[in-house]
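Results of the structural survey
Each chain is listed here by its residues.
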Amino acid sequence: MDAPSLTLDGVSITRADTVRYLGVTVDSTLSYRAHTVAVCAKVKKSVCALHRTFKRCVSVSVLCTLFKVLLRVSLLYCCETTYPTFACDRLRLERTQKFACRLLLGDFRQTSSYDGLLSELRMQALWRTVFTRRLCLIHFYVTAHRHCPADLLTLAHTHNPHLSTRKNHKNSILIPCCKRVSPFIASSFAYNSLPPTIVTLSPSKFKTAISNDSVFNDVCLKLFNTKYDFVTLNYT
C-alpha cells in the first residue's frame with residue numbers, strides 16, 4: 001500500500017527513508033540504526049587519522065583527551081534519545097569505542113579486555129554513560145528542575161494514592177503497559193529501582209550518587225534478566 005502524499009502550502013513533500021536534522025539521522029522506523037552506522041564509521045575514520053597524526057609527538061594521555069573531546073562526544077551526541085534499542089546497534093557503538101581504545105594504547109595484539117582498556121584510559125562504557133544521563137534527565141523532570149511535555153511523566157502515587165511505599169519510593173514513575181520496551185520505559189524502571197534516599201537528592205548530588213559503583217551495580221542487578229535489561233551484552 002502506497003503512503004499518502006503530503007503537501008504543505010501547496011508544495012509536495014518528498015518521502016524519504018532517512019532525514020538528517022540537527023546532526024541526527026532519523027529513519028522511518030525511529031530505530032536510529034542509520035545514525036549509529038554513520039557515527040561509528042565517522043569515529044573510526046577520524047580516530048585512525050588522529051592516531052597517525054599525533055602518535056609520535058604526544059603522550060597516550062593527550063591522545064586520550066583528544067579522543068574524548070573531539071570524537072567520543074560524537075558517539076554520545078543526543079544519546080538520551082538516539083541510543084539504539086537493538087542489541088546489535090549498541091554493540092556496534094561499544095566496539096567502535098573499543099577499537100579506539102586499542103589504537104590509542106597500541107594494543108594491536110588484543111591482549112586486554114574491554115574493561116581493562118577502559119580502566120587504563122579512565123573512561124566508561126558508553127552504555128553506562130547513557131544510563132546515567134537518562135536517569136539524571138528523569139530526575140530533572142520528576143523534581144521539576146526541567147519542564148517536560150504534559151503527561152510525559154506520571155508519578156505512581158499520584159495515579160494510585162494507596163500504593164505501598166515498601167516496594168516503591170514516593171517518586172516512582174507509572175510505567176505504561178506496552179509490547180515493545182522503549183528506552184524511556186527501561187530507564188523509568190531503573191529509576192524506580194533506586195533507593196528512596198537517592199531520589200530525594202538535588203540533581204547535582206543525584207548524579208554523584210548514581211555514579212557510585214555500588215549503587216550502579218545494585219540497579220543493574222535488579223535489571224538483570226528482565227525485559228528492561230539492556231546492560232548484559234558481550235562486547236568482545
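Each remark here, short or long, concerns the structure printed above.
Just so it is clear, the structure is predicted and the values come from calculations on it, not from any experiment. Think of each chain on its own: its residues are numbered from 1, step by step along the sequence as written. Where totals are concerned, whole chains, interfaces and linings use all residues; where local detail is concerned, this predicted model gives features only for residues with pLDDT of at least 70, and gives and counts side-chain atom pairs only at 80 or more. Here the side-chain values reflect all heavy atoms present in the structure, with hydrogen atoms and water set aside.

**Side note on the packing of aromatic side chains**
Here is the rule we go by: For Phe, Tyr and Trp, where Trp contributes only its six-membered ring, two rings pair if their centres lie within 6.5 Å, and the inter-plane angle classes them as stacked under 30 degrees, edge-to-face over 60, or tilted in between. Whether a charge lies above a ring is judged from NZ of Lys or CZ of Arg, which has to be within 6 Å of the ring centre and within 35 degrees of the ring normal.
Within the structure shown, the criterion is met by zero aromatic pairs. The cationic tip of Lys44 hangs over the ring face of Phe99; the distance from NZ or CZ to the ring centre is 5.4 Å.

**Thoughts on the environment of Phe131**
So the rule is basically this: A helix here means a DSSP run of H or I that spans at least four residues, while a strand means a run of E at least two residues long, and both kinds are numbered starting from the N terminus.
Here Phe131 lies in helix α6 (residues 126–142). Sequence-wise, Phe131 and Phe216 are 85 residues apart; in three dimensions their C-alpha atoms are separated by 9.6 Å.

**Observations concerning unusual backbone geometry**
Operational definition: For every residue, the accessible area obtained with a 1.4 Å probe (protein chains only) is divided by the maximum for its type, and the residue is called buried under 20%, exposed over 50%, and partly exposed between those limits.
Although it is not a glycine, Cys78 sits at a positive phi angle of roughly 55°. Here Cys78 is to be found in the loop between α2 (60–75) and α3 (79–82). Take Cys78: its relative accessible area is 34%, and that puts it in the partly exposed class.

**Description of the nonpolar core**
Applicable threshold: Each nonpolar core is a collection of buried residues, namely Ala, Val, Leu, Ile, Met, Phe, Trp, Tyr and Cys, held together in the definition by side-chain atoms within 4.5 Å.
Counting 44 residues, the largest nonpolar core has Phe67, Met123, Leu135, Tyr191, Leu194, Phe206 and Ile210 as the members making the most contacts within it. Take this core: its biggest share by element is eight residues, from α6.

**Quick word on helix α10 (residues 203–210)**
Rules: Within this analysis, the arc is defined by the directions that extend from the helix axis to the C-beta atoms.
Listing the buried residues of α10 in full gives Pro203, Phe206, Ala209 and Ile210. Buried positions in α10, seen along its axis, are confined to an arc of 120° and lie on one side of it. Residues Ser204, Lys205, Lys207 and Thr208 are exposed on α10 and point more than 90 degrees away from its buried face.

Geometric values such as these leave the question of function open.
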